[in-house]
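# Fold and contact review
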Amino acid sequence: MQEYLRRMKRFHFHSLRLATRLIIALTLMSLLQALLIGGFAWYHLSRSLNEEIAARTVNVAQTIAASDSIIDGIAQRDIDSLNHIAQRLTTVNHALFVVIGDKTATRLAHPNPEKIGASMADDEDGSESSILVLGNAYVYRANGSLGPSMRARAPVFDDTGEALIGVVSVGYSVDQIDHTIARYRFWLLAVLTIALLASIGLAVIIATRLKREIFGLEPEEIAGLFEEREATLESVREGIIAINRDGIITTFNRTAAQTIGIADHTAIPGQSIADVLPESNLISVIEHGQPQFDQEIWLHDRLMIVNRVPVRQGDEIIGAVSSFRARDELDLVSRKLTQIEQYADSLRSQTHEYSNKLHTIAGLIQLDAKDEALKLIGSETLDHQQLIQLLQEDIPNPIIAGCIVGKFNRAKEIGLKLSIDPESHLSDLPETISADQLVSLMGNLLDNALEATWMHRGAHGEVQLSLTDLGHDLIIEVQDQGPGIPESEQRHIFEKGVSSKDDVNHGFGLHLVKLILEQSQGSIHIEPVDEGGTRFICYIPKRRQAL
């Protein structure tokens, strides 16, 4: 018993499943409505029937009192005739009784012959007799000699209509009235019961349909998923915007607000996308139903990478979702990966190269060719010493210097020569570009130049690099000995995925160079070289110009 009570205390309405809760709630609501409507109808029905029967009783009494045969019978005190007429009227009007009395309220006709000659006041409480004196008809309930009844009394006047000569009393049994009301009550209860059962059936249908529409989830599960969705949207580092089919924003996370410079992102949902972002093409996704991936657009003076997909419910498009991120953030990740890759290539190439050199020197020493070994060591260190001295004096930035050293070693590893213009100079970076961006730009240009030269010339080819910041621009020149680039192809080589190689992993380096230059307000030019090859010239302004 205690365990049962403990379990009952733990029971709560909200512990039930959603469908059960809906059925119980809708059933209780329907039951309450049925009780209220039924009680109201029952009250007014009973009241109306009583009033109707009372009015009918009065009308019957007044009609009998105005009958000539009744007036003549009372005037002549014809008791037999009056009793005969009273019995016939009782039957015709389905009444309990019809009693006729003279002006002193002495009974002249009564269903019980023993009551004839007695006073009609026996069936009253004494207060109604005074009404008779005034000549007014009235109705009342009483428990007379024939049982409880609804009674009406009407005065009988002589032929002139002035002298009061008698009284007529008509009664209907209370049982008859209750039977009539009970008949109406049965149909009322039947209708209310059918309505209640229909409401319960409708509640089951609604609960089942709703459960299916919300994928069988309970309210607590939906609330948990909503909180999880909100936390997910706020945790991702991409801006996310969702709209419905009418273009009204339904989702707008904090990153989206920060990316496009909106202070309070909580006030955005509910507004039109056309008001918040007039330049957005999110509506077109709903109209055409086609997803868009990795689209590059300018938004609030920033280059964005945007993905847009329609939201479908079955075969119907009900909205669209867009995720976007600033291109410079993606470029930063790309540059960091490129830088790490360059450092790795530099270390690998140096390790490989010096391993070969050490083996060669070791072999010369074993052969007792010390002069050749010293000469090899001297020539090897001379190139590096010259390069290191140039970088220390004219290009003091360690990140850029490290990139050049890595590419220098990479060139030597594949049998090429990377020549650095001794007049090169780069003291301070322009404010329009960061060291990481410059490393990414130079690294991609040098990689393309080394690859083009090696594929066209093989070993012993040369790539030249020049940097100067003596004017208003930082000028970077990279010259290769490749096959050259036809003029008809020059305008396409900076497009994403365009490459002279079949490998799907190519075609992104020059595209990234172009994006970096656009962001830094720079430009790039391509020139053919007389002896064969191509020269890429980049101009990067030292000061950012107002747009």
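Residues numbered from 1 in each chain as written. Predicted model: local features only at pLDDT ≥ 70, side-chain atom pairs only at ≥ 80, totals over all residues. Heavy atoms only, no water.

## Some words on the pattern of salt bridges
- The full count for this structure, using the stated rule, is 6 salt bridges.
- The partner of Glu316 in a salt bridge is Arg245, and the shortest N-O contact between them spans 2.6 Å. Linking Glu316 in strand 10 (residues 316-326) with Arg245 in the loop between strand 6 (239-244) and strand 7 (249-252), this pair joins segments that are 71 residues apart in sequence.
- Of the charged contacts in the structure, one is a salt bridge between Glu477 and Arg535, with a shortest N-O distance of 4.0 Å. In this pair, Glu477 is assigned in strand 13 (residues 473-479) and Arg535 in strand 15 (residues 534-541), connecting sequence segments 58 residues apart. (Salt bridge = Lys/Arg side-chain N within 4 Å of Asp/Glu carboxyl O. Helix = DSSP H or I, 4+ residues; strand = E, 2+ residues; numbered from the N terminus.)

## Observations regarding the pairing of strand 4 (residues 147-157)
- Among the 11 residues of strand 4, 9 are classified as buried, and the element is accordingly described as predominantly covered.
- Here strand 4 runs beside strand 5 (residues 164-173); their pairing, made up of 9 bridges, is antiparallel. Looking across to strand 5, one finds that Ala154 is bridged to Val168.
- In this antiparallel pair of consecutive strands, strand 4 and strand 5, the connection spans 6 residues, and Gly161 shows a positive phi of 80°. (Buried < 20%, exposed > 50% of the residue type's maximum accessible area, 1.4 Å probe, protein only. Pairing = 2+ DSSP bridges.)

## Quick word on the nonpolar core
- One finds Ile404, Leu441, Leu445, Leu465 and Ile476 to be the most contacted residues of the largest nonpolar core, which totals 42 residues.
- Examining the composition of this core, we find that 8 residues originate from one element, helix 14 (residues 435-457), more than from any other.
- In this structure, Ile404 is in contact with Leu387, Leu391, Ile395, Leu418, Ile420, Met442, Leu465 and Leu467, ignoring residues within four places of it in sequence.
- Counting residues in hydrophobic clusters, the runner-up holds 24 residues, among them Val60, Ala61, Leu82 and Ala86. (Core = buried A, V, L, I, M, F, W, Y, C linked by side-chain atoms within 4.5 Å. Contact = heavy atoms within 4.5 Å.)

## A look at the packing of aromatic side chains
- In this structure the tally under the stated criterion is 1 aromatic pair.
- The ring of Phe494 carries the charged tip of Lys514 above its face, separated from the ring centre by 5.8 Å. (Phe/Tyr/Trp six-rings, centres within 6.5 Å; stacked < 30°, edge-to-face > 60°. Lys NZ or Arg CZ within 6 Å of the ring centre and 35° of its normal.)

## Structural notes on the confidence of the model for the chain
- Per-residue pLDDT for the chain averages 77, and the proportion of residues at 70 or more is 76%.
- Within the model, the stretch residues 125-131 combines pLDDT values under 50 with 6 contacts to residues more than four positions away or in other chains. (pLDDT = per-residue confidence, 0-100.)

## Here's the deal with helix 4 (residues 79-92)
- The terminal C-alpha atoms of helix 4, which comprises 14 residues, lie 20 Å apart, in line with the 20 Å expected from a rise of 1.5 Å per residue.
- Inspection of helix 4 places Leu82, Asn83, Ile85, Ala86, Leu89 and Thr90 among the buried residues, and these make up the whole buried set. Looking straight down helix 4, one finds its buried side chains confined to an arc of 165°; they lie on one side. Away from its buried face, by an angle of more than 90 degrees, helix 4 presents the exposed residues Asp80, His84, Gln87, Thr91 and Val92. (Expected span 1.5 Å × (residues − 1). Arc of directions from axis to C-beta.)

## With respect to unusual backbone geometry
- Despite not being glycine, His94 has its phi angle at roughly 55°, a positive value.
- Its place among the elements puts His94 in the loop between helix 4 and strand 1 (97-102).
- Relative accessible area serves as the criterion here: at 56%, His94 is assigned to the exposed category.
- Although it is not a glycine, Ala105 adopts a positive phi angle of roughly 65°.
- Position of Ala105 among the secondary structure elements: in the loop between strand 1 and strand 2 (107-109).
- Here Ala105 falls in the buried class, since its relative accessible area comes to 13%.

## Some thoughts on the side chain of Asp480
- Position of Asp480 relative to the elements: it lies in the loop between strand 13 and helix 15 (487-490).
- One buried charged residue, Asp480, remains without a salt bridge, the closest side chain of opposite sign being Arg457 at 8.6 Å.
- Separated by 3.0 Å, the side chain of Asp480 and the backbone nitrogen of Gly482 make a polar contact.
- Apart from residues no more than four positions distant in its own chain, Asp480 is found in contact with Ala449, Ala452, Thr453, Glu462, Gly532, Gly533, Thr534 and Phe536. (Lys, Arg positive; Asp, Glu negative; His and termini not counted. Polar contact = N/O pair within 3.5 Å; in protein donor to acceptor, adjacent residues only side chain to side chain.)

## Describing the sheet that holds strand 11 (residues 417-420)
- The strand order across the open sheet built from 5 strands is 11-12-13-15-14, with neighbouring strands paired in mixed fashion. Each edge of the open sheet carries a strand with a single partner, namely strand 11 and strand 14 (523-528). Between one strand axis and the next, the sheet turns through 15° on average, direction left out of account.
- Here strand 12 (residues 462-468) pairs with strand 13 via 5 bridges, running antiparallel. Across the sheet, residue Ser466 finds its bridge partner in strand 13, namely Glu477.
- On top of the sheet, helix 13 (residues 398-413) reaches strand 11 and strand 12; it is set at about 145° to strand 11, its chief contact. (Axes fitted to C-alpha atoms, helices over the stretch in contact; angles between N-to-C directions.)

## Here's the deal with a nonpolar patch on the surface
- A cluster of nonpolar residues, Ile24, Leu28, Leu31 and Leu35, forms a patch on the protein surface that exposes about 350 Å² of accessible area.
- Of note, Leu28 is situated in helix 2 (residues 18-65).
- Look at Leu28 and you get exposed, because its relative accessible area is 53%. (Patch = residues over 30% accessible without salt bridge, like charges linked within 9 Å, V, L, I, M, F, W, Y side chains within 5 Å. Areas by Shrake-Rupley, 256 points an atom, 1.4 Å probe, with all protein chains shown as cover.)

## Thoughts on the pairing of strand 11
- The pairing of strand 11 with strand 12 spans 4 bridges and is classified as parallel. Across the sheet, Ser419 pairs through a bridge with Gln464, a residue of strand 12.
- For the crossover from strand 11 across helix 14 to strand 12, the handedness is left-handed. (Right-handed = clockwise from strand over helix to strand, strands pointing away.)

## Some thoughts on the packing of helix 13 against helix 14
- Where helix 13 meets helix 14, the axes come as close as 9 Å, and the angle between the chain directions of the two elements is 15°. Taken as axis vectors, helix 13 and helix 14 run roughly parallel relative to one another. At the point where helix 13 passes helix 14, the crossing takes the right-handed sense. The segment helix 13 lies against helix 14, with Ile399, Ile400, Cys403, Ile404, Lys407, Arg410 and Ala411 engaging Ala435, Asp436, Leu438, Val439, Met442, Gly443, Leu446, Asp447 and Leu450. (Parallel < 35°, antiparallel > 145°, perpendicular 65-115°, else oblique. Left-handed = near helix turned anticlockwise from the far one by under 90°.)

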